[in-house]
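Summary of structural features
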Amino acid sequence: MVELLPSILSADFAHLADQVAAAERGGGTVIHVDVMDGHFVPNITLGPPVVKSLRKATKLPLDCHLMIENPDEYIPAFAEAGANWVSVHYEVCRHLHRSLQLIDRHGMKPGVVLNPATRVDLIVDILPMVHHVLVMSVNPGFGGQEFIPFALNKIRRLAELRQEMGLAFRIEVDGGVAHDTVAQVVQAGAELLVAGNAVFGKGSPERNARELLKAARKAAGEKESVIRKLAAGPGRRRRSNEVV
């Protein structure tokens, strides 16, 4: 099933708890947290203290995307702060296998991230280890960028490999996911959709999340009853904080 992962990079941090709650009411099922160090990517965002505070504000799984050098040094801190999923970049991990093992040993779901210029076939050997593969459809560092079209080929390739290898990893996409791109993304095979600006940029995060998720699920061919339930808005009970 297609899921929406609202990215707090584009949220109003002065009202972060309220914005996350609104995105959850709109159908968000996982909260995406972009962690940047100003070295691996040209921006600085947040770290474990913000994740710890966010953990108190929501029961949804927290998906921490580490765009940092030396991620192994910080994995224990993110586990202690309450992260549920942690993904690290192929491009920065000297010993990717070891990094993924470290995430798993700390009780979190491990993921690997590919920058736009990185080929999918470079990570074939570690695919059995991961909970999700995150395809960057923009160059990491800033929100509000335009979607890079050749990311669709990488999504398709991952979907092919998943079937050929008999695996169950999820395919996540981050960057430029909006109404004009979401149909292509889900039809290529992605099911975890990270959206920041499209949810938090303008207007109501709740309404924005609901409309984007409705469009994604329609493009994915999901049952009309599911889409109608989503369009009905609040009134449904939230699912538990079980990470799938």
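Residues numbered from 1 in each chain as written. Predicted model: local features only at pLDDT ≥ 70, side-chain atom pairs only at ≥ 80, totals over all residues. Heavy atoms only, no water.

**A few points about the pattern of salt bridges**
Under the counting rule described, the total for this entry stands at seven salt bridges. The partner of Asp121 in a salt bridge is Arg157, and the shortest N-O contact between them spans 3.0 Å. Residue Asp121 is found in the loop between strand S5 (109–114) and strand S6 (132–136), and its partner Arg157 is found in helix H5 (residues 151–165); the two are separated by 36 residues along the sequence. For Asp121, a relative accessible area of 39% corresponds to the partly exposed category. Residue class for Arg157 comes out partly exposed when judged on its relative accessible area of 26%. As a salt-bridge pair, Glu160 and Arg157 come within 3.6 Å of each other at their nearest N and O atoms. Note that Glu160 and Arg157 are positioned in helix H5 at a spacing of three residues, about one turn of the helix. Here Glu160 falls in the partly exposed class, since its relative accessible area comes to 41%. (Salt bridge = Lys/Arg side-chain N within 4 Å of Asp/Glu carboxyl O. Helix = DSSP H or I, 4+ residues; strand = E, 2+ residues; numbered from the N terminus. Buried < 20%, exposed > 50% of the residue type's maximum accessible area, 1.4 Å probe, protein only.)

**Things to note about the confidence of the model for the chain**
Model confidence for the chain is summarised by a mean pLDDT of 92, while 91% of its residues fall at 70 or above. Confidence over residues 236–244 falls short of pLDDT 50; this stretch has 25 contacts with residues more than four positions distant or in other chains. (pLDDT = per-residue confidence, 0-100. Contact = heavy atoms within 4.5 Å.)

**A short note on the sheet that holds strand S3 (residues 62–67)**
Strand order across the open sheet formed by eight strands is S1-S8-S7-S6-S5-S4-S3-S2, with parallel pairing between neighbours. Each edge of the open sheet is held by one strand with a lone partner, namely strand S1 (3–6) and strand S2 (31–36). Put simply, the sheet's adjacent strands are angled 25° from each other on average, direction ignored. The sheet contact formed by S6 and strand S7 (residues 170–174) spans five bridges and is parallel. Opposite Met136, over in S7, you have Asp174 as the bridge partner. The strands touched by helix H8 (residues 205–219) within the sheet are S1 and strand S8 (192–195), with S1 carrying the most contacts at an inclination of about 145°. (Pairing = 2+ DSSP bridges. Axes fitted to C-alpha atoms, helices over the stretch in contact; angles between N-to-C directions.)

**Things to note about the pairing of S5**
Within a regular strand, the side chains alternate between the two sheet faces. Along S5, five of the six residues are buried, which leaves the element largely enclosed by surrounding structure. In terms of strand pairing, strand S4 (residues 85–89) meets S5 through five bridges, oriented parallel. Directly across from Ser87, in S5, lies its bridge partner Gly111. Pairing analysis gives four bridges linking S5 to S6, with the strands arranged parallel. Among the inter-strand pairings, Val113 is bridged to a residue of S6, identified as Leu134.

**Quick notes on the pairing of S2**
Counted residue by residue, S2 has six buried out of six residues, so it is predominantly covered. Neither face of S2 is left uncovered, since the one carrying Ile31, Val33 and Val35 and the one carrying His32, Asp34 and Met36 both have all their residues buried. As paired strands, S2 and S3 are joined by six bridges and run parallel to one another. Each bridged residue has a counterpart across the sheet, and for His32 the counterpart in S3 is Asp63.

**Quick look at the packing of aromatic side chains**
For the structure on display, the rule yields zero aromatic pairs. Lying over the aromatic face of Phe169, Arg162 brings its terminal NZ or CZ to 5.8 Å of the ring centre. (Phe/Tyr/Trp six-rings, centres within 6.5 Å; stacked < 30°, edge-to-face > 60°. Lys NZ or Arg CZ within 6 Å of the ring centre and 35° of its normal.)

**Quick word on H5**
Taking 1.5 Å of rise per residue, 15 residues should cover 21 Å, and H5 covers 21 Å from first to last C-alpha, within 8% of that figure. Within H5, burial applies to Ala151, Leu152, Lys154, Ile155, Leu158, Ala159, Leu161 and Arg162. Of the residues flanking the end of H5, it is Gly166, one or two places downstream, whose phi is positive at about 65°. (Expected span 1.5 Å × (residues − 1).)

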